[in-house]
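Architecture at a glance
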Amino acid sequence: LPQIQFAKPTDETYSERVEVDTGELEDDPTVNTQRSSAHDTVKKRRHKKRVEYRRVKPRWHTMSREEKLQTGEGVIRNGSFANTSFRVRLVPVVSQGKVVSYEGSFGGVGRFSNSVSGADLKAIQGGVFNVQVQYAQ
């Protein structure tokens, strides 16, 4: 599995809360009234807004690959092979100008499942192989 995958666009949407300016003014209840003189009170006013909910698709549907990687939106990170590695050393065996076999070794750190609930990291060391090549041209 690749370490990073991009989510496939779907028809799935979510509700977004939007405040819409109605163009009207109303008294601001969050601000205390102020006295400009002994007889006058000044009330603060603000634009009246109404709340609407609309169905929208996620933002990452329209992002480029670079933007997705930068923001992390629409990116699936696969951690199942984190901290694992695998190395192969491959040596061709040549006889009369033709490759007759490959010899090599392998090693690394692998994740081995010990139960349904988890896995352990175990070292792989000293693995060897020899593969014969037939009908080489």
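All values reported here derive from a predicted model rather than from experimental measurement. (Residues numbered from 1 in each chain as written. Predicted model: local features only at pLDDT ≥ 70, side-chain atom pairs only at ≥ 80, totals over all residues. Heavy atoms only, no water.)

Attention now goes to the pairing of strand E8 (residues 98-115). Within a regular beta strand, the side chains point alternately toward one face of the sheet and then the other, so they alternate between its two faces. The sheet contact formed by strand E7 (residues 85-95) and E8 spans 11 bridges and is antiparallel. Counted as the bridge partner of Arg89 is Ser105 from E8. Here E8 runs beside strand E9 (residues 118-132); their pairing, made up of 13 bridges, is antiparallel. Counterpart to Tyr102 in the pairing with E9 is Val131. Joining the antiparallel neighbours E8 and E9 is a turn of two residues. (Pairing = 2+ DSSP bridges. Helix = DSSP H or I, 4+ residues; strand = E, 2+ residues; numbered from the N terminus.)

Okay, unusual backbone geometry next. You will see that Gln96, though not glycine, has its phi angle at about 55°, which is positive. Relative to the assigned elements, Gln96 resides in the loop between E7 and E8.

What follows covers a nonpolar patch on the surface. There is a patch of nonpolar side chains on the surface, built from Phe86, Val88, Leu90, Tyr102 and Val131 and spanning about 480 Å² of accessible area. Here the element with the most residues in the nonpolar patch is E7; it accounts for three residues. Tracing the backbone through its elements, the reader meets Val131 in strand E9. Judged by its relative accessible area of 44%, Val131 falls in the partly exposed class. (Patch = residues over 30% accessible without salt bridge, like charges linked within 9 Å, V, L, I, M, F, W, Y side chains within 5 Å. Areas by Shrake-Rupley, 256 points an atom, 1.4 Å probe, with all protein chains shown as cover. Salt bridge = Lys/Arg side-chain N within 4 Å of Asp/Glu carboxyl O. Buried < 20%, exposed > 50% of the residue type's maximum accessible area, 1.4 Å probe, protein only.)

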